[in-house]
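# Structure at a glance
Chain by chain, the residues run as shown.
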Amino acid sequence: MSEVVVDSSGTRVDLEPKTIVDAVRRAVGTPNGMLGLHEPVFAGNEVAYLEECIKSTFVSSVGPFVDRFERMLEEVTGTKRAVAVVNGTAALHACFRLAGVEPGDEVISPALTFIATTNAIAYCGAVPHFVDSSLETLGMDARALAVRLEAIAQKTATGTINRETGRRIAAIAPMHTFGHPVDLDAIAALADEWNIALVEDAAESLGSTYKGHPVGSQARLAALSFNGNKIVTTGGGGAILTNDEALGRRAKHLTTTAKLPHKWAFIHDEVGYNYRLPNLNAALGCAQLEQLDGFMASKRKLAAVYERAFAHIPGVRFSREPKDTTSNYWLNAILLDEAHAGRRDEVLAALNDAGFGARPAWTLMHRLPMFAQSPRGDLSTAESIERRLINLPSSASIRARDE
Ligand SMILES: *Cc1c(COP(=O)(O)O)cnc(C)c1O
């Protein structure tokens, strides 16, 4: 089933799925069974801390591991306050609420993201407004954001509104795709200029840095995820990050049923959420965070080996970290040239048949029925990325093969 593709200069360019399978095999060897896209690694104090937690009987919503996990997160991300919650989606929901997103507002977000970013906007009764992604960062494109704001936004006494829908634009929510930081300075400058809150979806990017600063430390609010497939896992879990102490206190309050501290009385001063992370999960998280540097090192080594394996294969490009950033390379990605986009599924099938748990990008948010009517700018780059991106097995346990 060989297809002949001719490039703009008329030169014949073939891309055989086997070439890609061979490159992956050169990088990581022949798998024994199926090599998953991202598997957790429990090589530290996990069992010891879990045992300690169970023996203490404090396995649920309070306990010392939650505090310890939060202090460790503050240290790793360089933020003043981390609040641990049940999952990354809950963290995002709380971040949007804390940023002042209200029913009927709009939140600008990428179409190329995991459903959690968009769902969390909808949980607030708000409407996502999609802007295009950058080929370099795979995240929100600052230029596309600038163009879109220029086209539709208007400053008013009550905030910046979308002139076309009349709705207030309450937040801008970039997401650091697969660990690659977005161009945060440019996006933050636009958020400032238009007086719109910036909320970072840093769910995939714990450990990544932008101009030397950990991601999640620059915006007023950021969300992390510790789902089983993330770089660090608590089984399920997430965290809210902020440098604003008052906002941090409010984050804790809102995610712990908004209960006023009292020896025995049950008084809640607003509709809060039961979003707190159980102590049992936090115990796992403490053990995992102790290994973050090691996970980063092994994932970055794997990325370097993939990059080399694909360096001389025409028609395919390895997605490397954007300049001025350090990516945690949560998921490694390759992009087929547009000329070969039609063969993506053949490549995916060949990789999976060979035991490599490769995956396509997420279906873009505006194609999903519940967000099909959402406002959006031009999404041609996101659509192009969607057609031709392939994620490769990326677990920290994979032993990259040095040539
Ligand atoms: C994982 C992830 C989340 C959070 O997911 P949970 O499973 O709820 O922890 C949010 N946004 C993105 C982009 C993610 O990849």
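Residues numbered from 1 in each chain as written. Predicted model: local features only at pLDDT ≥ 70, side-chain atom pairs only at ≥ 80, totals over all residues. Heavy atoms only, no water.

### Considering the overall build of the protein chain
Along the backbone of the protein chain there are 12 helices and 18 strands. In terms of overall size, the protein chain behaves like a compact globule, its C-alpha atoms giving a radius of gyration of 22 Å where 403 residues would be expected to give roughly 22 Å. Its C-alpha atoms give the protein chain principal-axis dimensions of about 75 × 55 × 35 Å. Counting the 403 residues in the protein chain, one finds 56% classified as buried. (Helix = DSSP H or I, 4+ residues; strand = E, 2+ residues; numbered from the N terminus. Rg over C-alpha atoms; globule rule 2.2 N^0.38 Å. Buried < 20%, exposed > 50% of the residue type's maximum accessible area, 1.4 Å probe, protein only.)

### Topic: the pairing of strand S5 (residues 127-131)
Most of S5 sits out of view: 5 of its 5 residues are buried. Here S5 shows no split at all, with Val127, His129 and Val131 on one side and Pro128 and Phe130 on the other all buried. Looking at chain direction, strand S4 (residues 106-110) and S5 are connected through 5 bridges and run parallel. Bridging from a neighbouring strand, Pro110 pairs with Val131 of S5. With helix H5 (residues 115-123) bridging S4 and the parallel S5, this β-α-β connection has right-handed handedness. (Pairing = 2+ DSSP bridges. Right-handed = clockwise from strand over helix to strand, strands pointing away.)

### Topic: the side chain of His180
By the element assignment, His180 lies in the loop between strand S8 (169-172) and helix H7 (184-193). Within the local environment of His180, its side chain forms a polar contact with the backbone oxygen of Arg320, the two atoms lying 3.4 Å apart. Among the polar contacts made by the side chain of His180, one reaches the side chain of Ser327 at a distance of 2.9 Å. (Polar contact = N/O pair within 3.5 Å; in protein donor to acceptor, adjacent residues only side chain to side chain.)

### Quick notes on the UniProt feature "modified residue: N6-(pyridoxal phosphate)lysine" (unreviewed entry) in the protein chain
Those residues carrying the UniProt feature "modified residue: N6-(pyridoxal phosphate)lysine" (unreviewed entry) are Lys230 in this numbering. Setting aside its immediate chain neighbours within four residues, Lys230 contacts His38, Ala203, Glu204, Ser225 and Trp330. (UniProt positions renumbered as here; feature names shortened; annotations may be inferred. Contact = heavy atoms within 4.5 Å.)

### Some points on the environment of Arg387
Turning to its location among the elements, Arg387 is positioned in helix H12 (residues 380-388). Expressed as a C-alpha distance, the spacing of Arg387 and Arg344, which sit 43 residues apart in the sequence, is 7.4 Å. There is a polar contact of 2.9 Å between the side chain of Arg387 and the side chain of Glu338.

### Some details on the domain arrangement of the protein chain
How big an interface is tends to be stated in terms of the accessible area lost upon association of its parts. As far as domains go, the protein chain holds domain 1 (4-39 + 292-392) and domain 2 (46-289). Look at where the C-alpha atoms of domain 1 and domain 2 centre, and you get two points 27 Å apart. The partner domain 2 presents 46 residues to the 42 residues of domain 1 that form the contact. Buried area between domain 1 and domain 2, summed over both chains or domains, comes out near 3,600 Å², and the portion from carbon and sulfur atoms is 66%. Ranking the residues of domain 1 by area buried against domain 2 places Leu292, Trp330 and Trp362 at the top, with a combined share of 21%. (Domains from an automatic or database assignment. Buried area = accessible area lost by both parts, 1.4 Å probe.)

### With respect to the sheet that holds strand S11 (residues 213-214)
Ordered in space as S11-S10-S15, the 3 strands form an open sheet in which the pairing is antiparallel. Each having just a single partner strand, S11 and strand S15 (325-326) make up the two edges of the open sheet. Sheet analysis places strand S10 (residues 209-210) next to S11, joined by 2 bridges and oriented antiparallel. Across the sheet, residue Tyr210 finds its bridge partner in S11, namely His213.

### Points about the nonpolar core
In a soluble, globular protein the nonpolar side chains are often hidden away together inside. Residues Phe69, Leu149 and Ile172 are the most contacted members of the largest nonpolar core, which totals 69 residues. The leading source of residues in this core is helix H9 (residues 279-289), at 5 residues. Counting the residues that make up this core, at least three belong to each of domain 1 (4-39 + 292-392) and domain 2 (46-289). Contact partners of Ile172, with chain neighbours within four places excluded, come to Ile108, Met140, Leu145, Leu149, Ile187, Ala191, Ile196, Ala197, Leu198 and Val199. (Core = buried A, V, L, I, M, F, W, Y, C linked by side-chain atoms within 4.5 Å.)

### Describing the side chain of Thr234
With respect to the secondary-structure elements, Thr234 resides in the loop between strand S12 (221-225) and strand S13 (238-242). Look at Thr234 and you get buried, because its relative accessible area is 1%. In this structure the side chain of Thr234 is engaged in a polar contact, spanning 3.4 Å, whose partner is the backbone nitrogen of Gly237. Setting aside chain neighbours within four positions, we find Thr234 in contact with Phe69, Phe226, Leu277, Asn281, Leu284 and Gly285.

### Things to note about the site of the ligand
Close contacts around the ligand come from 16 residues, with Gly88, Thr89, Glu204, Ser225 and Lys230 the closest. Between Asp201 and the ligand, the recorded distance is 2.8 Å, taken from a side-chain N or O atom to a nitrogen atom. Between an oxygen atom of the ligand and a side-chain N or O atom of Glu204, the distance comes to 2.5 Å. When isolated, the ligand has an accessible area of 380 Å², and the protein chains bury 92% of it. The dominant element in the shell around the ligand, judged by the number of residues it contributes, is helix H4 (residues 88-98), at 3 residues. (Near = heavy atom within 4 Å. Areas by Shrake-Rupley, 256 points an atom, 1.4 Å probe, with all protein chains shown as cover.)

### A closer look at unusual backbone geometry
Even without being glycine, Thr57 reaches a positive phi, approximately 70 degrees. Mapping Thr57 onto the fold places it in the loop between helix H2 (46-56) and helix H3 (64-77). The phi dihedral of Tyr329 is positive, around 45 degrees, even though this residue is not glycine. On the secondary structure map, Tyr329 appears in the loop between S15 and strand S16 (332-336).

### What about the pairing of strand S9 (residues 197-201)?
Among the 5 residues that make up S9, 5 are buried, leaving the element largely enclosed by the rest of the structure. Of the two faces of S9, the one lined by Ala197, Val199 and Asp201 and the one lined by Leu198 and Glu200 are each fully buried. Read from S8 through H7 to S9, the crossover connection turns out right-handed.

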